[in-house]
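Structure assessment
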Amino acid sequence: MNKKDIANIRKQFKINNDLLKISDIFNVYIMKESSDIYHYQSQPFGMLDQDQQELFLNNFKKLLAGQLDEKLFELKFQRDAVNNSQLILHQGLLSKDADEWKEQMLQIVDKMLTSRQYEKDIVVTFIHGEYLKPTKRRNEETEVSERDTVYSHPFILCSINNTQEPKKELLFDYVEKEFKYNIIVDPIINLQSPMAGFLFPCFTDNAADVNHILYSAGKVYEPDYQFIEEVLNGEEIMTAQDDKIVFEEIIKDVTGDQLNTSTLSNVYEEINRMIVENEEEEQPKLDSKDIEQVLKMSGIEDISTEKVETAFKKIIDDDKYEIKASSILPKFTSKSIKIQTKIANISISPPDLKYVKQVELSGKRYLMIEVEENTIIEGFTMIPEAFGGSSEE
């Protein structure tokens, strides 16, 4: 799934939307002390009152919020995994019987309980639904409705949420004219911040992809690897942050950690060109040959295939590994590059990086920024000076 696919399904989670049909909702309450199922309840989603529906729909939207490879991860299922979740979820997807579907979801919960003991009581929510996507854009000039023909996407979504202790409050009773201690023992289910969850299957080019599942982490760059491997049976993943670190270490190794700002700017511009050229297709990935080509196109000399492949093996022990271009490129049109010094912090965009240089004079280091206009500080226009002295000198 790409970010457009995720955005399309995410915006469907709203009240009275005829493009989203949720048949059943299944809630499972798990106790932290025993890691046992304390209670579960299944019912048609339409039987909930509107306020309850809105609470859950907002929870599902939050679950699908975030950037790919940062908070959302498309996982490929492991092959030959014991009690494979892919098979369980696929059977649940095809199931027309609510009780049968419920039993299959309980198998997923059982895998969760086997995997770990949770620090708080948690509630696991499953929904069985169908997302309808029109095959054509709306045409105002004809009588043909955009919804006459649609793509049908059955899906299962799971949201995992922790519970909170109720607040202890002091109330004033206007009738009895007395202060009362408000005692509430029922735990509060925190639907505002999902701990984790998933969407099955993924959707690619308006077709279901049952070989992949979309996993949602609770926090950015903090996927639960144990949950991914043992519960979902997903293959190992790399976050965008991991990819960026790998890329930086490979570049340092190949260039001997000697890279000026102009060359680094060229590297970012070359990667951005690759992303723009593939905008309508799958986001490009860079293998060792692509990295070699990027470095050569950026003006770095003495680059060889052997040197780049050796760096890949050294840093990640895999000369066939592919790095997602979008993971390593700072946001190209914003001031996404942070330059930090003891004197000042500066933000600059990748294309403008070429105007920044670190130079040495008389044994001292200087950060020099090329500008086209006068520099104004606190309303004062700075007087131009010759480098290393006054303009008169």
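Residues numbered from 1 in each chain as written. Predicted model: local features only at pLDDT ≥ 70, side-chain atom pairs only at ≥ 80, totals over all residues. Heavy atoms only, no water.

**What to know about the packing of aromatic side chains**
Overall, the coordinates contain 13 aromatic pairs when judged by the stated rule. A ring pair is formed by F13 and F60, whose centres lie 5.8 Å apart and whose planes are at 65°; its orientation type is edge-to-face. Of the two residues, F13 sits in the loop between α1 (3–10) and β1 (20–30) while F60 sits in helix α2 (residues 50–63), which places them 47 residues apart along the sequence. Summarising the burial analysis for this pair, F13 and F60 share the class buried. An aromatic cluster is defined as three or more aromatic residues linked by ring pairs; in this entry it consists of F13, F56, F60 and F155. K354 extends its terminal NZ or CZ atom over the ring of Y355, reaching a point 5.7 Å from the ring centre. (Phe/Tyr/Trp six-rings, centres within 6.5 Å; stacked < 30°, edge-to-face > 60°. Helix = DSSP H or I, 4+ residues; strand = E, 2+ residues; numbered from the N terminus. Buried < 20%, exposed > 50% of the residue type's maximum accessible area, 1.4 Å probe, protein only. Lys NZ or Arg CZ within 6 Å of the ring centre and 35° of its normal.)

**Focus on the domain arrangement of the protein**
Splitting the protein by domain gives domain 1 (3–236), domain 2 (241–328) and domain 3 (337–381). A separation of 37 Å is found between the C-alpha centroids of domain 1 and domain 2. (Domains from an automatic or database assignment.)

**Some details on the pattern of salt bridges**
Evaluation of the coordinates by the stated rule reveals 12 salt bridges. K252 is the salt-bridge partner of E249, the closest N and O atoms lying 3.7 Å from each other. One end of the pair is E249 and the other is K252, both in helix α6 (residues 240–255) and 3 residues apart, which spans about a single turn. Relative accessible area serves as the criterion here: at 38%, K252 is assigned to the partly exposed category. Measuring nitrogen to oxygen at the nearest pair gives 2.9 Å for the salt bridge that ties E292 to K296. (Salt bridge = Lys/Arg side-chain N within 4 Å of Asp/Glu carboxyl O.)

**Let's talk about the environment of L64**
If you trace the backbone, L64 turns up in the loop between α2 and β3 (72–76). Residue classification places L64 among the buried positions, given a relative accessible area of 3%. C-alpha separation for the pair L64 and T333, spaced 269 residues apart in sequence, amounts to 25 Å. When residues no more than four places from it in sequence are discounted, the contact partners of L64 are I6, I9, R10, F13, L72, L157, L199 and L214. (Contact = heavy atoms within 4.5 Å.)

**Points about the pairing of strand β18 (residues 364–369)**
The sheet contact formed by strand β17 (residues 356–361) and β18 spans 6 bridges and is antiparallel. Bridge pairing in β18 links V359 to Y366. In textbook terms, the turn of a hairpin is the stretch between consecutive antiparallel strands, and for β17 and β18 this stretch comprises 2 residues, one of which, S362, has a positive phi near 55°. (Pairing = 2+ DSSP bridges.)

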